[in-house]
Amino acid sequence: MTLSRSPSDGDFSTLFNFLPIGAYRSSPDGQMLRANRALVELNGYASEADMLIAVKDIAQEWYVDPARRAEFQSQLERDGFVRGFISEIHRHNTRERVWINENAHSVRDASGVLLYYEGTVEDISDRMSHQKAVRESEERLRLITSQVPGMVFSVFIHPDGRREYRYVSEGARDIYGLEPEELLRDPMLVARYRHPDDVALLVQDLQLVRQGPLDLGGEFRIVMPDGRVKWVYRRSCTVSSDATGTLRVGVLLDITARKQAEADLHASETLWKLALESAGDGVWDWNIQTGEEFFSSSIKAMFGYADQDIANLSAELDARTHPDDVAQMQSDREAHFAGRVPVYRNEHRIRCNDGRWKWVLSRGVVIARDERGQPLRMVGTHTDITELKEAEAQQRTLEAQLRESQKMEAIGTLAGGVAHDFNNLLAAILGNLVLAREDVGEQHPAQESLAEISRAAIRARQLVQQILTFSRRQTQEMQRQPLKPLVEEALGLLRSLLPAGLRLVTRLPSSGLQVLADATQMQQVLMNLCTNAWQSMEGRAGDITVALSEVSLDASQALQLGGIASGAYACLSVADNGPGMDAETQRRIFEPFFTTKAPGAGTGLGLAVVHGIVKAHRGAIGLDSRPGEGTRFDVYLPLAASGPAEAVPAPASPAPAAKPVQAQAGKHVVYIDDYEALVFLVGRLLRKQGHRASTFESGEAALDWLRANPDVPVDLVVSDHNMPGLSGVETAIEIRRLRPALKIAIVSGHVNDKLLGDAAAAGVSEVMGKQDSMDALGDAIQELLERAT
């Protein structure tokens, strides 16, 4: 169908192309009639004309689910418009999946006949990914807190005392009878439940929190809507505090049953003991003068003892108390004996019959004193709080893992940026070395020193590549392949490199264990781990054991390994029987440039590179080590779906360097780089080869020159990618608009999949890594010139 352009079309044609989001006009049968620049770029085309020719059927070619087109048309037929129509589509040219938000309306003629649809398309992939990540994070937190009794919460307290709950677990139903969402919406709901007699206590606690960070523990009452009174135990601590307020986390436990049992003690000691026994707490009755102490059967059973295993003496459980807890326990007792606190309360560990340690909350009250006020008799309870303590410890562990992960990500980002600058410096050093060696001649005495400088600079560039591997900015060739052959190939090389006195022990399975991996990087992981193992032996004899096996990680194990997904994994282990590591060394072992070796004996990048590679493979690495007991690293890689392994291409033989031919002399090359030394160097190199060179220190300057000299022929543009202002890809896009047929190449110190994709979409002919020498760069440019002819 051909649509005549109405007089008003011209009024909006510039707006149509200026819109930052996609805009289109399409026929009801799925043919694209018009598309603005944003929509053309979204679909990976260079021009509207290219896209209109390529798109034949929107329903079948654009939507991931073709049925979405029918739903779209149904809404248009019913309402005449569509708002916020979210779908997953294919970028038409590249077939990459993205999420979009679509708004459209029907256009009909005066008689009501449908002519076409007009609408806009917005890329919301980042928003959808963020929403998915938030949902997954919230679900993990919900699963963790669902295992903790009571209500787990995170609350932000503003300087004026206003409270704002950031998280409330499902335990809010058990404590207040409220849904977590209700407290998140209105944090003051809990104020309605406060017992009048406890309001002053809660106000005092709030004032203490506003004065500075502190831990709070205590009990208070709440009054339910039906008039029932509940006792609640609270424990909370400060996470962070600044001028904007204080963030605290804590837990509320319903202790109504226990408090009721304590109250009943005053009416009947027998009933009090029975009530506590039925509530699951153990009861004790201590004659302080004689040392005799009655322990209920539940106390003894709590620690795995029979009635006859423990004599009824206070010294029995005191002797089984953890040495680190004895001093605080005695201090808390003395505080109650002296009347400084109304109730004895202490948390400590007791050794069970099987050797394990259990945490107990011990509470008691002196119920008899002599005429001088000295305590005679004390009664109380033991409550098993081991699970609560383990939950608190797990929470602290998870917080530490999060901080460590964030630190490693930040270091990786910094390392990648530093590596780019190093590449530029090294390129200038190596390039000037080549020119200097040519200038002085082959027989000059300085040649030997210049050669040493060249070797040192090349070693520095290799170090930069390790930094890039750690920061995960190198392109990976991920292929589904068996892991076992990669391990065996690396072990073959390792056997020839092992120092005398070291024995390599292998434990490999019969199956190959299919994984999605970069073969070169996985072999580097094994080489680095084995190298670290033999260096830790410090010249002593010993064994290095390499094992490969299939393991299944449950949710708890996966969480301990940094939050990877549970399921089936290949586990590659490297163990040694060397000196092992202390806790502080283990904490820093994956930090780049951290090493325990003598100065000059290592770079400190080996294990950092391992960490970066494993993370890039969506795996995890575990460490088990103790001083004097050796070290074991466990690398976990997700097993790939079953199926034939992808063939790994054999490394191609290096092609002989193409020699410059006279026919290529006199070409005009435009070179762009923000590093002044490289601009000067490359210009000099090109001119020595007989070419004309126009060099610029920014993409903007090059574009200005091209606009000012439209008739000056240019055979090739070579641009650095990472530059202030316009990047190499952005510069290429603008150059293509000025001269569509001009051949463009981009040079980058960290080529990755994203750069390759962006460059291809911009019409770039070639993406090259930073060259190791000026000769290599000159040969690369010469080859590009030959291909351009």
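Data block above holds the structure.
Residues numbered from 1 in each chain as written. Predicted model: local features only at pLDDT ≥ 70, side-chain atom pairs only at ≥ 80, totals over all residues. Heavy atoms only, no water.

With that out of the way, let us pick up the packing of aromatic side chains. Applying the stated criterion across every chain yields a total of 7 aromatic pairs. For the pair F72 and F85, a centre-to-centre distance of 5.6 Å together with 65° between the ring planes defines the contact as edge-to-face. In this pair, F72 is assigned in helix α5 (residues 67-79) and F85 in strand β3 (residues 81-90), connecting sequence segments 13 residues apart. Grouping residues by exposure puts F72 and F85 together as buried. With 6.3 Å between their ring centres and 85° between their planes, F153 and Y165 make a pair best called edge-to-face. Of this pair, F153 sits in strand β6 (residues 151-157) while Y165 sits in strand β7 (residues 163-168), and the two are 12 residues apart along the sequence. The class of Y165 is buried, set by a relative accessible area of 7%. If you follow R68 out to its NZ or CZ, it ends over the ring of F85, 4.0 Å from the centre. Sitting above the plane of the W359 ring, K389 keeps its charged end 4.5 Å from the centroid. (Phe/Tyr/Trp six-rings, centres within 6.5 Å; stacked < 30°, edge-to-face > 60°. Helix = DSSP H or I, 4+ residues; strand = E, 2+ residues; numbered from the N terminus. Buried < 20%, exposed > 50% of the residue type's maximum accessible area, 1.4 Å probe, protein only. Lys NZ or Arg CZ within 6 Å of the ring centre and 35° of its normal.)

Let us now look at unusual backbone geometry. Most peptide bonds adopt trans geometry, and most residues besides glycine take a negative phi value. With a phi angle near 65°, R95 is a residue other than glycine that sits in the positive phi range. Positionally, R95 belongs in the loop between β3 and β4 (97-108). We classify R95 as partly exposed; its relative accessible area is 39%. The phi dihedral of R618 is positive, around 60°, even though this residue is not glycine.

It is worth spelling out the pairing of strand β26 (residues 744-748) at this point. The element β26 is largely enclosed, with a buried count of 5 among its 5 residues. Judged from the 4 bridges that link them, strand β25 (residues 716-720) and β26 form a sheet pairing that is parallel. Bridging across to β26, V718 finds its partner in A745. Crossover handedness for the path β25 to helix α24 (residues 728-738) to β26: right-handed. (Pairing = 2+ DSSP bridges. Right-handed = clockwise from strand over helix to strand, strands pointing away.)

At their nearest, the axes of helix α18 (residues 519-536) and helix α21 (residues 606-616) sit 9 Å apart, and the two run at 145° to each other. When the axes of α18 and α21 are compared, the crossing they make is left-handed. Contacts between α18 and α21 involve Q521, M522, Q524, V525, N528, L529 and N532 on the former and, on the latter, G606, L607, V609, V610, I613 and V614. Grouping the constituent residues of the contact of α18 with α21 by class yields 8 nonpolar, 5 polar and no charged. (Axes fitted to C-alpha atoms, helices over the stretch in contact; angles between N-to-C directions. Left-handed = near helix turned anticlockwise from the far one by under 90°. Contact = heavy atoms within 4.5 Å. Nonpolar A, V, L, I, M, F, W, Y, C, P; charged D, E, K, R; others polar.)

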